[in-house]
Amino acid sequence: MFDYGASADLYSARVGLKNRRKMAYRRFSQAADAIRFAIEVLPSASLLGSLLEVEEQRFGANDIRRLYDDCDYPLQRCVAVDGSDVLLPVEVTASDE
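Residues numbered from 1 in each chain as written. Predicted model: local features only at pLDDT ≥ 70, side-chain atom pairs only at ≥ 80, totals over all residues. Heavy atoms only, no water.

**Quick look at the packing of helix 1 (residues 31-40) against helix 3 (residues 61-69)**
Contact geometry of helix 1 with helix 3 gives a least axis separation of 10 Å together with a crossing angle of 110 degrees. Accordingly, the angle class assigned to the pair helix 1 and helix 3 is roughly perpendicular. Along this stretch, helix 1 crosses helix 3, giving a crossing that reads as left-handed. Residues Ile35, Arg36, Ala38, Ile39 and Glu40 of helix 1 pack against Ile64, Arg65, Leu67 and Tyr68 of helix 3. Classifying every residue of the contact of helix 1 with helix 3 gives six nonpolar, no polar and three charged. (Axes fitted to C-alpha atoms, helices over the stretch in contact; angles between N-to-C directions. Helix = DSSP H or I, 4+ residues; strand = E, 2+ residues; numbered from the N terminus. Parallel < 35°, antiparallel > 145°, perpendicular 65-115°, else oblique. Left-handed = near helix turned anticlockwise from the far one by under 90°. Contact = heavy atoms within 4.5 Å. Nonpolar A, V, L, I, M, F, W, Y, C, P; charged D, E, K, R; others polar.)

**Focus on the nonpolar core**
With 23 residues, the main nonpolar core has Phe2, Leu10, Ile35, Leu52, Val54 and Ile64 as its most contacted residues. When contributions to this core are tallied by element, the ones reaching two or more residues are strand 1 (8-15), helix 1, strand 3 (51-54) and helix 3. With seven residues, the top contributor of residues to this core is helix 1. Filtering out sequence-adjacent residues up to four positions away, Val54 remains in contact with Phe2, Asp3, Ala6, Ser7, Ala8, Ala31 and Phe59. (Core = buried A, V, L, I, M, F, W, Y, C linked by side-chain atoms within 4.5 Å. Buried < 20%, exposed > 50% of the residue type's maximum accessible area, 1.4 Å probe, protein only.)

**Some details on the pairing of strand 3**
Two elements, strand 3 and strand 4 (residues 57-59), share three bridges in a ladder whose sense is antiparallel. Each bridged residue has a counterpart across the sheet, and for Leu52 the counterpart in strand 4 is Phe59. (Pairing = 2+ DSSP bridges.)

**Topic: the side chain of Ser12**
By secondary structure assignment, the location of Ser12 is in strand 1. What makes Ser12 buried here is its relative accessible area of 7%.

Everything listed here is a matter of geometry and, on its own, says nothing about what the molecule does.
So this is what it looks like as structure tokens:
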């Protein structure tokens, strides 16, 4: 079982000048916060090249999305409103899974 409370390292791709890819690094005290940041804050292009490391296990973009969508994810999820940058909380029920 995944530990959402464990500390986590997030390496996210940054598109630099002339399409050079660079990596940005952030440390989170809880994996749940790193997952939320990756899904709700990072641009889609950065998420595709991201890597989450938790307790010596590595998770790519698809894994990060799966962890965010999992019913065990402990934080409230947010969704974009009408394709804008505005995020609103959304409740997830068992029937939404």
